[in-house]
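Secondary and tertiary structure notes
The primary structure of each chain is shown beneath.
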Amino acid sequence: MKKHTTSPAALLTLATEWWTTSIIDISPGVIRPRGIPIQDLIGAITFPQMIWLMLRGSLPEVAQARLLEAALVSAVDHGPQAPSIAISRMAVTCGLSLNGAMASAINVLDDVHGGAGEQALELYARVQAVLGEEPGDLAAAVDTALDEHIASVGKMVPGFGHRFHPVDPRVAPLLALVDEATKNGIVSGVYARIGRATEAALKTRNGRPIPMNVDGVTAVVYGELGFPPPLARGLFILSRSVGILAHAWEQTEQGERIKGPMPPQIAYRYTGPNAP
């Protein structure tokens, strides 16, 4: 067997450098997120400010944190018909603890159920990229970006339209907050303009309104605040985790066992050989 020739001191250095992070400094009696003692943060900043600090490395302005908080609040829950929420409740009835139920639910928050905010922000970024080539013509940039999106992904445009709400009640208040922040110089307002221009373009293309939904408007917020598209999904998952936890806990208290997606009195439809 070949012997390692690295010295103990060199091995220790290798081990301590195996993982590196600028996020937190931990040692006995010391906890410093982004270099700030935890005791200086407890009671001094809000949870949205802490999220910003951990993700971005600095503390946000109060108005930035307020906008982030509003977006997080907006996407917390959408009822037991939302697949992730339904999964958390069914998991509890099958005997899973809260952590198991939450993990099961969060695992389905992927491209189809949970990814639209990230995809909408990617679309907005594509509009921005086109605008760089054709400055000033926002409507033309949106049309170009939509054509590229449809050609590469398909006709479904993330962030617009809703299977349940004719008009998503979360959009107007969030856009109003973005407009206020734009007026006060907190954000640029460019993503709000892109979002609204995309909504207008979809209405023209389809001959009917396809309103912005919560994914489209939170993508506006996260874009205005400088978060990259993948973090739009991560922030949505943080937000929806609250609803998942609440539903899992409520189901725990109800104490029911092995509940499927539908009451047993409602039969599924068999479509295989010899189907009636």
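So, a few notes on the structure that sits alongside this text. All residue numbers refer to position in the chain's written sequence, counted from 1. Only residues with pLDDT of at least 70 are given local features in this predicted model, and only at 80 or more are side-chain atom pairs given and counted; all residues enter the totals for whole chains, interfaces and linings. No hydrogens and no water enter the side-chain calculation; it runs on all heavy atoms of the structure.

Using a 1 Å grid laid over the protein atoms alone, points where a 1.4 Å probe fits but cannot get out form a cavity; open sets with protein on both sides within 12 Å along at least 5 of 7 lines form a pocket; any residue with an atom within 4 Å of a point counts as lining. Grid points are joined across faces, edges and corners, and a volume is the space filled by probe spheres set on the points. Applying the stated rule across the entire model yields one cavity of 30 Å³ or more. Together, A71, A75, G117, D215, T218, Y222, A232, L235, F236 and S239 line the largest cavity. When residues of the lining of the largest cavity are traced back to their parent elements, those giving at least two are α11 (214-224) and α12 (229-254). Looking at the lining of the largest cavity element by element, the count peaks at four residues for α12. Charged residues are taken to be Asp, Glu, Lys and Arg, nonpolar residues to be Ala, Val, Leu, Ile, Met, Phe, Trp, Tyr, Cys and Pro, and polar residues to be all remaining types, Gly included. Residues that form the lining of the largest cavity fall into these classes: six nonpolar, three polar and one charged. Secondary structure follows DSSP: runs of H or I at least 4 residues long count as helices, runs of E at least 2 residues long count as strands, and numbering of each begins at the N terminus.

Taken together, the four bridges between strand β1 (residues 24-27) and strand β2 (residues 30-33) define a ladder with antiparallel strand orientation. Residue pairing for β2: I26 is matched across the bridge by I31. By the convention used here, strands pair only if DSSP detects at least 2 bridges between them.

What follows covers the packing of helix α6 (residues 98-106) against α12. An axis is simply a line fitted to the C-alpha atoms; with a helix, the fit covers only the stretch in contact. Between two such axes, the angle follows the N-to-C directions and lies from 0 to 180 degrees. Where α6 contacts α12, the axes come no closer than 9 Å and their chain directions differ by 135°. Between α6 and α12, the angle is such that the two are oblique. Here the hand of the crossing between α6 and α12 comes out right-handed. Packed against α6, whose contacting residues are L98, A101, M102, A105 and I106, the element α12 presents I237, S241, I244, L245, A248, W249 and T252 at the interface. The class makeup of the residues in the contact of α6 with α12 is ten nonpolar, two polar and no charged. Any angle from 65 to 115 degrees is called roughly perpendicular, while one under 35 is roughly parallel, one over 145 is roughly antiparallel, and all others are oblique. Less than a right angle of anticlockwise turn of the near helix away from the far helix marks a crossing as left-handed, whereas a clockwise turn marks it as right-handed. Note on definitions: a residue-residue contact is assigned when non-hydrogen atoms from the two residues lie within 4.5 Å.

This paragraph deals with the packing of aromatic side chains. Aromatic rings in a pair are described by how distant their centres are and how their planes are angled relative to each other. Pairing of aromatic side chains requires ring centres within 6.5 Å, counting the rings of Phe and Tyr and the six-membered ring of Trp. Pairs whose planes differ by under 30 degrees are stacked, by over 60 edge-to-face, and all others tilted. Counting across every chain of the model gives two aromatic pairs. Their ring planes at 75° and their centres at 5.3 Å tell us that W52 and F227 sit as a pair that is edge-to-face. Of the two residues, W52 sits in helix α3 (residues 47-56) while F227 sits in the loop between α11 and α12, which places them 175 residues apart along the sequence. Overall, the relative accessible area of 4% leaves W52 in the buried class. Relative to F227, the ring of Y222 lies with its centre 6.1 Å away and its plane at 85°, an arrangement referred to as edge-to-face. Taking the relative accessible area as the measure of exposure, Y222 reaches 3% and is therefore buried. Members of the aromatic cluster, joined through ring pairs, are W52, Y222 and F227. Consider the ring centre and the ring normal. A charge sits over the ring if Lys NZ or Arg CZ is within 6 Å of that centre and within 35 degrees of that normal. Its end group placed over the ring of W52, R56 keeps NZ or CZ at 4.3 Å from the ring centre. The lysine or arginine in question, R56, covers the ring of F227, its NZ or CZ lying 4.5 Å from the ring centre. Buried residues are those whose accessible area, probed at 1.4 Å on protein chains only, stays under 20% of the maximum for their type, while exposed residues exceed 50% and partly exposed ones sit between those limits.

This paragraph deals with the nonpolar core. Formed by 45 residues in total, the largest nonpolar core has its most connected members in L67, L68, Y124, M212, V220, Y222 and L225. For this core, the secondary-structure elements that each account for two or more residues are α3, α4 (62-74), α7 (116-133), α8 (138-152), α9 (171-183), α10 (190-206), α11 and α12. Not counting the four nearest positions on each side in its chain, M212 is found in contact with Y124, G159, F160, D168, V171, L175, G195, R196, E199, V217 and V220. Counting residues in each nonpolar core, the second largest holds nine residues, with I85, A105, F236 and I244 among its members. Nonpolar core, defined: a set of buried Ala, Val, Leu, Ile, Met, Phe, Trp, Tyr and Cys residues in which side-chain atoms within 4.5 Å join the residues together.

Across the interface, α3 lies against α4 with an axial gap of 9 Å and an inter-helix angle of 105°. For the element pair α3 / α4, the angle class is roughly perpendicular. Every residue of α4 that contacts α3 at P48, Q49, I51 and W52 is listed here: Q64, A65, L68, E69 and L72. Split by residue class, the contact of α3 with α4 holds six nonpolar, two polar and one charged.

Along the chain, E224 falls in helix α11. We treat Lys and Arg as the positive residues and Asp and Glu as the negative residues; His and chain ends play no part in the count. Each reported salt bridge corresponds to a side-chain nitrogen of Lys or Arg within 4 Å of a carboxyl oxygen of Asp or Glu. Look at E224: it is buried, it has no salt bridge, and the nearest opposite charge is R193 at 6.5 Å. Between N or O atoms, a polar contact is any pair within 3.5 Å; within protein, one atom must be a potential hydrogen donor and the other a potential acceptor, and residues adjacent in sequence are included only when both atoms are from side chains. At 2.8 Å, the side chain of E224 forms a polar contact with the backbone nitrogen of Y191. Aside from chain neighbours lying at most four places away, what touches E224 is V178, V187, S188, G189, V190, Y191 and A192.

This part is about the pattern of salt bridges. When the charged atoms of two side chains lie near each other, side chains of opposite charge can form a pair. A full pass over the atoms with the stated rule returns twelve salt bridges. Linked by salt bridges that have partners in common, D110, D111, E118 and R233 make up one network.

Here the term patch refers to residues with relative accessible area over 30% and no salt bridge, with like charges joined within 9 Å and nonpolar side chains (Val, Leu, Ile, Met, Phe, Trp, Tyr) within 5 Å. Note on areas: Shrake-Rupley, 1.4 Å probe, and residue coverage restricted to the protein chains presented here. On the surface, I23, I24, I26, I31 and M54 cluster together to form a nonpolar patch covering roughly 380 Å² of accessible area. Within the fold, M54 resides in helix α3.

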